Amino acid sequence: QVQLVESGGGLVQAGGSLRLSCAASAISVSLNAMDWYRQAPGKQREFVAQLSTGGTIRYAEFVKGRFTISRDNAKNTVYLQMNSLKPEDTAVYYCHSQTGPYDYWGQGTQVPVSS
């Protein structure tokens, strides 16, 4: 059974940094595109970053230059390094992967950013 388990969230002050982790099981992070999404209170879930199997990276405009997605194939884990956090980055952050017709989501990790 595929599982994506996020960790690393928590309260942070504006300007601070956090690194989120997404530990995958029954799915290889090196053989599947891996994404991060976020959902702020009262808003729709939105795309944050993607790391493709070939290493191509895409970011949402609002995180370019501040967030970095990466993976550790040996640990089968994907990371999201978040720097220069802003109050508007406050959201639940989700790990995601789509494999063929299947869509996998983690349970999410909360990132509140105080001003």
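Located above this text is the structure these notes cover.
The paragraphs below set out a description of the structure included in this document. (Residues numbered from 1 in each chain as written. Predicted model: local features only at pLDDT ≥ 70, side-chain atom pairs only at ≥ 80, totals over all residues. Heavy atoms only, no water.)

1. Considerations on the overall build of the chain
- If you tally the helices and strands in the chain, you get zero helices and twelve strands.
- If you list the helices and strands of the chain from N to C, you get β-β-β-β-β-β-β-β-β-β-β-β.
- Here the C-alpha atoms of the chain give a radius of gyration of 13 Å, agreeing with the 13 Å that 2.2 N^0.38 yields for 115 residues.
- Here the C-alpha coordinates of the chain stretch approximately 40 × 25 × 25 Å along the principal axes.
- Sequence-distant contacts in the chain: of pairs separated by 6 or more residues, those separated by 24 or more amount to 52%.
- Taken as a whole, the chain presents about 6,000 Å² of accessible surface, with 47% of it coming from carbon and sulfur.
- Separation between the mean location of the 10 positive side-chain charges and that of the 8 negative ones in the chain comes to 3 Å. (Helix = DSSP H or I, 4+ residues; strand = E, 2+ residues; numbered from the N terminus. Rg over C-alpha atoms; globule rule 2.2 N^0.38 Å. Contact = heavy atoms within 4.5 Å. Areas by Shrake-Rupley, 256 points an atom, 1.4 Å probe, with all protein chains shown as cover. Lys, Arg positive; Asp, Glu negative; His and termini not counted. Charge placed at Lys NZ, Arg CZ, Asp CG, Glu CD.)

2. Points about the state of the cysteines
- For the coordinates displayed, the defined rule picks out one disulfide.
- One disulfide in the model links Cys-22 with Cys-95; its S-S distance is 2.0 Å. Note on the Cys-22 and Cys-95 pair: the S-S dihedral is about -80°, so by sign convention the disulfide is left-handed. On the criterion of sequence distance, the pair formed by Cys-22 in strand β3 (residues 18-25) and Cys-95 in strand β9 (residues 91-99) is long-range, its members being 73 residues apart. Accessibility assignment for this pair places Cys-22 and Cys-95 in one class, buried. (Disulfide = S-S within 2.5 Å. Buried < 20%, exposed > 50% of the residue type's maximum accessible area, 1.4 Å probe, protein only.)

3. Notes on the side chain of Asn-76
- Positionally, Asn-76 belongs in the loop between β7 (67-72) and β8 (77-82).
- Dropping the residues within four chain positions of it, Asn-76 is found in contact with Cys-22, Ala-23, Ala-24, Ser-25, Ile-27, Ser-28 and Val-29.

4. A closer look at the environment of Glu-6
- Relative to the assigned elements, Glu-6 resides in strand β1 (residues 3-7).
- Since its relative accessible area comes to 5%, Glu-6 is described here as buried.
- The sequence separation of Glu-6 and Cys-22 amounts to 16 residues, and the corresponding C-alpha distance is 4.3 Å.
- The residues contacting Glu-6, other than those within four sequence positions of it, are Ser-21, Cys-22, Trp-36, Tyr-93, Tyr-94, Cys-95, Gly-106, Gln-107, Gly-108 and Thr-109.
- Engagement of the side chain of Glu-6 in a polar contact is seen with the backbone nitrogen of Cys-95, the distance being 2.7 Å. (Polar contact = N/O pair within 3.5 Å; in protein donor to acceptor, adjacent residues only side chain to side chain.)

5. Some points on the pattern of salt bridges
- In total, this model carries four salt bridges according to the counting rule given.
- Here Arg-38 ties to Glu-46 by a salt bridge, and the two come within 2.8 Å at their closest N and O atoms.
- Among the ionic pairs, Glu-61 bridges to Lys-64, the shortest N-O distance being 2.8 Å.
- Using a relative accessible area of 46% as the deciding quantity, one classes Lys-64 as partly exposed. (Salt bridge = Lys/Arg side-chain N within 4 Å of Asp/Glu carboxyl O.)

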